[in-house]
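Residues per chain are reported as follows:
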Amino acid sequence: MNDTTPSAAANPRHTAPPPTERVAMLRWMRENLFNSPINSMITVIIALFLVFALPDFIQWALFQSVWSGDHEACRAATGACWAVVGEKHRPMLFGVYPYDQHWRLILALVIYLSVIAATMTPAFWKVKILMPLWIFNLIVTLILMWGGVLGLQPIETSQWGGLPLTMVLFTGTVVFGSPLAVLLALGRRSHLPGIKSICVVFIESLRGVPLITILFVAVNVFPLFLPEGLEFDKLLRVMAGMAIFFACYQAEVIRGGLQAVPRGQIEAAEALGLSYWQLMRRIVLPQALRICLPGLVNHIIAAFKNTSFVLIIGLFDILTATTAVMEDPVWRIFFVEAYLFVALIYFVFCFALSKYSQLVERWLGEGRRF
Amino acid sequence: MISAAVPLSCAGGGDFSLIHFFLLSDNMASSEDSATEKLTAPDRVTPKGDTSIFNSMAFRGIAYQVLLAAFVILGGLYLYINVNANLERQGIATGWSFFNENAGFDIGESPIEYDSEDSYGFALWVGVLNTLRVAFVGIILATILGVFMGIARTSRNWLLSKVANVYVEICRNVPVVLHVLFWATVVRFLPHPKQAITPFDGAFLMNRGIVFPIPNEHPAYIWVGVAFVLGVIGAIFLGRWAQRWREMTGQYIPTFLWGCVIVIGLPLAAWLVQGAPLTWNVPALRGFNFQGGMALSPEYAALVVGVTVYTAAFIAEIVRAGIQSVPHGQIEAARALGLRPRFIMHYVTMPQALRVIVPPTASQYLSLTKNSSLGVLIGYPDLVNIGNTTLNQTGQAVEAIAIMMIVYLSISLAISTFMNLYNRLVAIKER
Amino acid sequence: MNEQQPADAAADPLGDETVIQLIDVNKWYGNFQALRDVNVSVKRGERVVVCGPSGSGKSTMIRCINRLEAHQKGQIIVDGIELTDNLKNIEAIRSEVGMVFQSFNLFPHMQVIDNLTLAPMLVRKMPKADAEAIAMKYLERVQIPEQAYKYPGQLSGGQQQRVAIARSLCMQPRIMLFDEPTSALDPEMIKEVLDVMVELADEGMTMMVVTHEMGFAKTVADTMIFMDDAEIVEIAKPDVFFTNPESERTQLFLNQILTH
């Protein structure tokens, strides 16, 4: 593996002393900032803008901001009022969940996030480890949130709120939506015209309507579908709606992956005598899902962001909770700070996930196997 | 459950898969007699093996489809019966007769005349128009911003590409709901009309929305509009003609430049010929509100800004990927042939980049249109908002939601048809 | 290999049992006829080499034998079972008939050992330990047991094709089909694959091989089939086929292929 050595180093006669720090910096600037008249102009304009705007912003966000105290202190200051986050973070993060039970949600979040962290570690990528881990995770977090056993005070789903509710919706969407997505994708690839056309119509019509209308169906129409006396929890209905919506988008991504698996793979598996489901599960899907991994992650990120749509139908996810908190007349003028805080939570999660998927892609590109 | 060997039969062409089923079944019988006489090897064995029809692919294929169809139809029927029974029990009317009843609610803004005496059907139509108003403007603005940011991300200017990068990463990793909500709140906290912010003379930002001056109506503008349309058509013809001219004579005519001259020059000429009429309708504060000029409601502004900023981040990413998808070897090859940069852009880079850019951009347009339904969240009277009001007043949830879905499906279908047409224009035929 | 062998071995060990029989088989892709009235019968232990110009239908023919392609007219009987669209029969035949492809088609996401044990475990319901034992046996047979825990992408083309042969053998098939097994290989790797195939032929495996390797054909074939334009032009013993073919088209083809 010698081809990583630069060719100049291989030939010592041509090695010049490295340019000094100052010259290197100048050269970098000439190459990257002032490489043409237009680029020089753009650089100057942006630099001027930054010089004027950045200090003000930093003053506002850091030096003149209020980090703790009451709204009086905030109104007196010229900077940001981060105290609003300190004051209101409990209802923002946990909604209307009983205040003295918040420790349960914190514990559930810690467990949930650690399981996610573990899931992202290649060392854990074995069905034997991940399956029990996730089953344990779901059972424990749900017990913590629901209560009613082990002496925990029972708390109805209508009282769930904030970040844990966002996480529950997100997890439910992905966990229930993914298998459905695979089935829809396979159905759409079927050469039986009846199955194919039903899947096409289902996928395309749901992709053609906004998520809001699906949530309206889940809230307003779904109860009408059931015979008298039978009822489903609203949270569960909304989750089902989001899962189906998610599945339709994901099915299209998976279809792309399925198309990219070489025909020869299917033929070889068939020649060995594998049945349709065996060859799909063992040969085609593992390869297809690997191919379309970036698309899959994109839609998983979208599913996380889409949980915020429940604001419209009145489930108390983190955004609904924040909006409700910001109705407080004393604090409402500090909405920018509150929304920035919520935006930061979404951003951290989504950004981390997308960077992580790029990392996995690089691992796969390097031919690393797990 | 689909039978094991099903994908096989479409192995070769795929196009004969269905026919093939039927062909197969009668061949089995007919081939028997014709085969025996031509057979060269006399030791023909009588085939053993399974002959049960239940293991036949054709039978299974039909059975699966019949089962699924039955499931869908019976399931639909069951739901239909339940819905009817439930509605009857709750005393809710069904059918579309509410369409002609008085809506009885006001709509904050409408591109056409509407009052609460009008019917539900008309109110919903206003909603459709309001949705289209957001979608249309949003798509144009998001395209401009997105293309600019996308090109900026591939710029060789380090500062510019970093700024664009920060924009894209922040905006696309925050939910669109939060974008819209944030801008709606920002608009709500703008000052009262009396203390309105004036970014430039005659324009005002305030909590009642945005007002800005527009030119007074004048018959000359109709001619300017006609001239513009003629200019666009002229530019298209010019492009065609220039290409033919180049093929015949080898001379290059800078079509883009001349196209711009025609598209801008013709309306300008028309305007000048009519005596260059220009008086501004400048908004002015009368009492508690502004009169004159063009006014955008705060909800409209917030919704457009929210969905635009969000979608533009995705379009920027698509544009960047499209530009970078053109292999560097292509550009090197073009340079080696001695093509000038603008030829390279026009004949090598753009056609290949557009092929990658157009399909995902189309789906971004669709998602922007669907996200315009967030109007319901901030009180903008879009289709979903008015549909929701209708739902609450009449209780006819099924019909109200069905209308929303049908309208959005039609819009989606229209946009994707249009984009497919465009895609066919830019798609490169390799084979 | 032993040059004497084909002449001696050809006549005797073949039994009377016909294991593959194609009777007036026809196949179309759309309007294009890929097979026209194809009649072939192969006896147990027979080694058949199919050759012909590209697009002549030879691959299509052997792919019909384990129904990777479906024929539209005529009869194909393998091991006494007629190939119709009956799934049970197709499954039965596929587990008796091994196939080796031009492009190897190893499963890239599985280690070599898993490629080999997959079908025995899933189709034959074999316990894992037994399947692995068989897999190692065949890997040794194709002389790459040390590669068992590598991924296909880490192997050379020749090694991949040998793994592919071993993978088919793990199902302990009674018939092996080879669809241009050496066409995708670099010249220096062709021999290692052909050696394995010759060895297999020496053990008495019923084989049908589509190939352009005429040296191999001369060494092992009991029967030569020449196809052109969707038809079988000539079926002959190799000594006749190579020295004195009946058809002019065969002559022409052999001239083209052997003059280098």
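Calculation rules
Residues numbered from 1 in each chain as written. Chains lettered and ligands numbered in written order. Predicted model: local features only at pLDDT ≥ 70, side-chain atom pairs only at ≥ 80, totals over all residues. Heavy atoms only, no water. Helix = DSSP H or I, 4+ residues; strand = E, 2+ residues; numbered from the N terminus. Rg over C-alpha atoms; globule rule 2.2 N^0.38 Å. Buried < 20%, exposed > 50% of the residue type's maximum accessible area, 1.4 Å probe, protein only. Contact = heavy atoms within 4.5 Å. Lys, Arg positive; Asp, Glu negative; His and termini not counted. Charge placed at Lys NZ, Arg CZ, Asp CG, Glu CD. Bend = angle between axes of the 7 residues up to and from the residue. Patch = residues over 30% accessible without salt bridge, like charges linked within 9 Å, V, L, I, M, F, W, Y side chains within 5 Å. Areas by Shrake-Rupley, 256 points an atom, 1.4 Å probe, with all protein chains shown as cover. Salt bridge = Lys/Arg side-chain N within 4 Å of Asp/Glu carboxyl O. Buried area = accessible area lost by both parts, 1.4 Å probe. Polar contact = N/O pair within 3.5 Å; in protein donor to acceptor, adjacent residues only side chain to side chain. Nonpolar A, V, L, I, M, F, W, Y, C, P; charged D, E, K, R; others polar. Pairing = 2+ DSSP bridges. Domains from an automatic or database assignment. Expected span 1.5 Å × (residues − 1). Axes fitted to C-alpha atoms, helices over the stretch in contact; angles between N-to-C directions. pLDDT = per-residue confidence, 0-100.

1. Quick look at the overall build of chain A
Point 1. Across its full length, chain A carries 16 helices and 0 strands.
Point 2. Expected size for 370 residues packed as a compact globule is a radius of gyration near 21 Å; at 27 Å, chain A overshoots this value by more than 25%.
Point 3. Taken over the C-alpha atoms alone, chain A extends approximately 80 × 75 × 40 Å along its principal axes.
Point 4. The burial tally for chain A puts 46% of its 370 residues in the buried class.
Point 5. Nonlocal contacts in chain A, meaning residues at least 24 apart in sequence, comprise 68% of its contacts between residues at least 6 apart.
Point 6. If you average the places of the 27 positive and of the 22 negative side-chain charges in chain A, the two averages end up 12 Å apart.

2. With respect to helix H13 (residues 276-291) of chain A
Point 1. At Val284 of chain A, H13 of chain A is deflected by roughly 45°, the largest bend along its length, and proline Pro286 of chain A occurs up to four residues later in sequence.
Point 2. Taken as a whole, H13 of chain A has its buried residues at Tyr276, Gln278, Leu279, Met280, Ile283, Val284, Leu285, Gln287 and Ala288 of chain A.

3. Topic: the environment of Leu150 of chain A
Residues and elements named next belong to chain A.
Point 1. Assignment of secondary structure puts Leu150 in the loop between helix H7 (127-146) and helix H8 (162-189).
Point 2. Looking at Leu150, the relative accessible area reads 76%, which means it is exposed.
Point 3. For the pair formed by Leu150 and Val336, sequence separation is 186 residues and the distance between their alpha carbons is 41 Å.

4. Examining a nonpolar patch on the surface
Residue and element names in this part refer to chain B.
Point 1. A cluster of nonpolar side chains, contributed by Ile222, Trp223, Val226, Phe228, Val229, Leu230, Val232, Ile233, Ile236, Phe237 and Leu266, occupies part of the molecular surface with about 1000 Å² of accessible area.
Point 2. Note on placement: Ile222 falls in helix H6 (residues 220-249).
Point 3. Exposure remark for Ile222: the relative accessible area of 59% places this residue in the exposed category.

5. Structural notes on the pattern of salt bridges
Should their charged atoms come close, side chains of opposite charge can pair.
Point 1. Counting across every chain of the model gives 23 salt bridges over all chains.
Point 2. A salt bridge links Glu317 of chain B to Arg153 of chain B, with the shortest nitrogen-to-oxygen separation between them at 2.2 Å. Note that Glu317 of chain B is positioned in helix H8 (residues 298-325) and Arg153 of chain B in helix H3 (residues 120-153), a separation of 164 residues in sequence. As far as burial versus exposure is concerned, Glu317 of chain B and Arg153 of chain B are alike and both buried.
Point 3. Here the salt bridges do not stand alone but share partners, grouping Arg188, Glu204, Arg207, Glu252 and Arg255 of chain A into one network.

6. Things to note about the environment of Ile300 of chain A
Residue and element names in this part refer to chain A.
Point 1. On the secondary structure map, Ile300 appears in helix H14 (residues 293-306).
Point 2. Along the chain, Ile300 and Thr173 lie 127 residues apart, while their C-alpha atoms are 9.0 Å from each other.
Point 3. Ignoring anything within four residues of it in the chain, the contact list for Ile300 reads Phe170, Val174, Phe246, Gln250 and Leu353.

7. Description of the interface of chain B and chain A
Point 1. At the junction of the two partners, chain B supplies 68 residues and chain A supplies 64 residues.
Point 2. Interface area, chain B with chain A, both sides summed: about 5600 Å², of which 73% is carbon and sulfur.
Point 3. Viewed at the interface, chain A and chain B are joined by 0 salt bridges.
Point 4. At the surface where chain B touches chain A, the tally comes to 11 residue pairs in polar contact (both at pLDDT 80 or more).
Point 5. Element by element, the count of residues in the side of chain B that touches chain A is highest for helix H2 (residues 57-90) of chain B, at 14 residues.
Point 6. Of the residues assigned to the side of chain B that touches chain A, the class counts are 46 nonpolar, 16 polar and 6 charged.

8. A closer look at the pairing of strand E10 (residues 231-236) of chain C
Residues and elements named next belong to chain C.
Point 1. Here strand E9 (residues 223-228) pairs with E10 via 5 bridges, running antiparallel. Across the sheet, residue Met224 finds its bridge partner in E10, namely Ala236.
Point 2. Turn length for the E9-E10 hairpin, with the two strands adjacent in sequence and antiparallel, is 2 residues, and the turn residue Asp229 shows positive phi of about 50°.

9. Some thoughts on the domain arrangement of chain A
Point 1. Each assigned domain of chain A is listed here: domain 1 (21-54), domain 2 (80-97 + 174-365) and domain 3 (98-154).
Point 2. Spacing between the C-alpha centres of domain 1 of chain A and domain 3 of chain A amounts to 50 Å.

10. Here we look at the environment of Val50 of chain C
Residue and element names in this part refer to chain C.
Point 1. Structurally, Val50 is set in strand E3 (residues 47-51).
Point 2. Its relative accessible area of 0% is what places Val50 among the buried residues.
Point 3. Along the backbone, Val50 and Thr211 are 161 residues apart, and their C-alpha atoms lie at a distance of 6.5 Å.
Point 4. In contact with Val50, not counting residues within four places along its chain, are Lys58, Met61, Met208, Val209, Val210, Thr211, Ile225 and Met227.

11. Some details on H8 of chain B
Point 1. Taking 1.5 Å of rise per residue, the 28 residues of H8 of chain B would be expected to cover 40 Å, and the 40 Å separating its terminal C-alpha atoms lies within 8% of that figure.
Point 2. Taken across its 28 residues, H8 of chain B has 22 buried, putting it largely inside the fold.

12. As for the side chain of Ser412 of chain B
Point 1. For Ser412 of chain B, the position within the fold is in helix H13 (residues 397-426).
Point 2. Among the residues examined, Ser412 of chain B registers a relative accessible area of 9% and is labelled buried.
Point 3. Discounting residues that sit within four places of it in the chain, Ser412 of chain B has contacts with Gly208 of chain A together with Leu366 of chain B.

13. What about the sheet that holds strand E8 (residues 206-210) of chain C?
Residue and element names in this part refer to chain C.
Point 1. One open sheet holds the 6 strands; their spatial order is E6-E7-E8-E3-E9-E10, and the pairing between them is mixed. Each edge of the open sheet is held by one strand with a lone partner, namely strand E6 (97-100) and E10. Shown here is a sheet whose adjacent strand axes are inclined to one another by a mean of 15°, direction ignored.
Point 2. Here helix H6 (residues 157-169) sits on the sheet in contact with E6 and strand E7 (175-179), set at roughly 170° to E6.

14. Here we look at the side chain of Gln147 of chain C
Point 1. Here Gln147 of chain C shows up in the loop between helix H5 (128-141) and H6.
Point 2. If sequence neighbours within four positions are ignored, Gln147 of chain C has contacts with Val112, Leu155 and Gln159 of chain C.

15. Some details on the confidence of the model for chain B
Low-pLDDT stretches of the model should not have their predicted coordinates read in fine detail.
Residue and element names in this part refer to chain B.
Point 1. Mean pLDDT over chain B: 79, with 87% of residues reaching 70 or higher.
Point 2. Helix H1 (residues 17-38) is the least confidently modelled element of chain B, averaging 37 in pLDDT, while H8 averages 92, the highest of any element.
Point 3. Confidence over residues 1-42 falls short of pLDDT 50; this stretch has 76 contacts with residues more than four positions distant or in other chains.
Point 4. Among the prediction metrics, the complex's ipTM stands at 0.86, with pTM recorded as 0.83.

16. A closer look at the interface of chain C and chain A
Point 1. Counting residues at the interface gives 22 residues for chain C, matched by 18 residues for chain A.
Point 2. Interface of chain C and chain A: buried area, both sides summed, is about 1900 Å²; carbon and sulfur atoms make up 62% of it.
Point 3. Applying the counting rule to chain C against chain A returns 1 salt bridge.
Point 4. Between Arg63 of chain C and Glu267 of chain A there is a salt bridge; the shortest N-O distance is 2.5 Å.
Point 5. Viewed at the interface, chain A and chain C are joined by 6 residue pairs in polar contact (both at pLDDT 80 or more).
Point 6. Taken together, the elements giving at least two residues each to the side of chain C that touches chain A come down to E6, helix H4 (112-122) and H6 of chain C.
Point 7. When residues in the side of chain C that touches chain A are grouped by element, the largest group, 3 residues, is from H4 of chain C.
Point 8. Across the side of chain C that touches chain A, the residue classes tally to 14 nonpolar, 4 polar and 4 charged.

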